[in-house]
Amino acid sequence: MELIALRTFQAVVEEGGILAASRKLNTVQSNVTGRIRRLEDELGAELFFRKGRGLELAPSGRVLLDYARRMLQLERQTANAVRQVGESVGELRIGSMETFAALHLPNALKAVRASHPRVEVRVYTDTTSTLTEKVLDHKLDCAFVAGPVIHPDLHFEELVVEELVQVHAAGTDPVLLPLIMFREGCAYRTRAIAWQRKQGHAISDAMEFGTLDGILGCIAVGLGWTLMPRRVVEQSPHAADLVIETVPPDIALVPTGMISLREGPSMPALRTLSEGVAAAARPLLAA
């Protein structure tokens, strides 16, 4: 199997069709169709069911997709590792919770840039759940998530223990306010709901926002409450309008660190990144 065929197959799946895949790969539709047909002939299996103009992944296609992602990830990591031996070039795809990115990543990324100036760094923010899936799907090289993370295919390196605090506006009662949080899959949201139950409060649907500033801005004007890392709240431009209250350690203390796949060659830039995060966290822990 040629890597270009696997890359084409993955693009058809992820983009949802031949036309979209051809645009992503900057080639004509006939090339995409031809590569898929040759791949099916080589494997002796149908990878897609044709439904009108659309495609649906066949059972054989689902099996191939998992292996294709792993092989393409290994190919990319291998190329990066070989290049980094002498020239420190390549690409590093990093995932992070938005709160972690705001608090811990800047200095760590600066360290990567200084030690590996030719490495192209891409950062994506999302929930712990989604980031974990993307690392397992070989779409990210690493991710900074709320732990602990226990998975046979993942290595979890704890770097810092975040303290979550309850946050609301002065003059408001959190009991009477809705929870404002990131979308489903956020580890802090899960703990906030657990804290609601522990207090015996009624569980209501959370208001969802996509940005940290949006959440704290709405809370500052009295629209709701949340659980958020103490340092993030204290450094927020809305800090003067927010009230911080401690919660029990089983809710508050969140081991947080970097996940990466156990398999595959090591990437020097990953080690620089984790060391940079740990170095940036030490002054915070000592404060």
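Residues numbered from 1 in each chain as written. Predicted model: local features only at pLDDT ≥ 70, side-chain atom pairs only at ≥ 80, totals over all residues. Heavy atoms only, no water.

A. A look at the layout of surface pockets. Its boundaries defined by the atoms lining it, the largest pocket holds a volume of some 540 Å³. Lining the largest pocket are 20 residues, and of these Gln 10, Lys 24, Arg 76, Arg 93 and His 138 lie nearest its centre. Those elements that provide at least two residues to the lining of the largest pocket are α1 (3–15), α2 (18–25), α4 (59–86), β3 (89–96) and β4 (118–125). Each residue belonging to the lining of the largest pocket can be placed in one class, and the counts come to 5 nonpolar, 3 polar and 12 charged. (1 Å grid on protein atoms, 1.4 Å probe; cavity = no way out; pocket = protein on both sides within 12 Å on 5 of 7 lines; lining within 4 Å. Points joined across faces, edges and corners; volume = space filled by probe spheres on them. Helix = DSSP H or I, 4+ residues; strand = E, 2+ residues; numbered from the N terminus. Nonpolar A, V, L, I, M, F, W, Y, C, P; charged D, E, K, R; others polar.)

B. Spotlight on a nonpolar patch on the surface. A surface patch of nonpolar side chains, about 460 Å² in accessible area, is lined by Met 1, Leu 43, Val 63, Tyr 67 and Met 71. Top contributing element to the nonpolar patch by residue count: α4, with 3 residues. Within the secondary structure, Met 1 sits in the segment before α1. (Patch = residues over 30% accessible without salt bridge, like charges linked within 9 Å, V, L, I, M, F, W, Y side chains within 5 Å. Areas by Shrake-Rupley, 256 points an atom, 1.4 Å probe, with all protein chains shown as cover. Salt bridge = Lys/Arg side-chain N within 4 Å of Asp/Glu carboxyl O.)

C. Up close: the packing of aromatic side chains. All told, the structure shown has 2 aromatic pairs when counted by the stated rule. Ring geometry for Phe 9 against Phe 48: centres 5.6 Å apart, planes inclined by 55°, an arrangement best described as tilted. Placement of Phe 9 in helix α1 and of Phe 48 in strand β1 (residues 48–51) is noted, with a sequence separation of 39 residues between them. Assessed through its relative accessible area of 0%, Phe 9 is described here as buried. Seen from their ring centres, Phe 100 and Phe 144 are 5.0 Å apart, and the 10° between their planes marks the pair as stacked. Placement of Phe 100 in helix α5 (residues 98–115) and of Phe 144 in strand β5 (residues 142–146) is noted, with a sequence separation of 44 residues between them. Each member of the pair Phe 100 and Phe 144 is classed as buried. (Phe/Tyr/Trp six-rings, centres within 6.5 Å; stacked < 30°, edge-to-face > 60°. Buried < 20%, exposed > 50% of the residue type's maximum accessible area, 1.4 Å probe, protein only.)

D. Representation of helix α8 (residues 212–220) within the structure. Of all 9 residues that make up α8, 8 are buried, and the element is covered over most of its length. The set of residues buried in α8 consists of Leu 212, Gly 214, Ile 215, Leu 216, Gly 217, Cys 218, Ile 219 and Ala 220. On its buried face, α8 sits against α5, β6 (154–169), β7 (180–181), β9 (226–229), α9 (230–234) and β10 (242–246). Phi for Gly 222, located one or two positions after α8, is positive at around 90°. (Contact = heavy atoms within 4.5 Å.)

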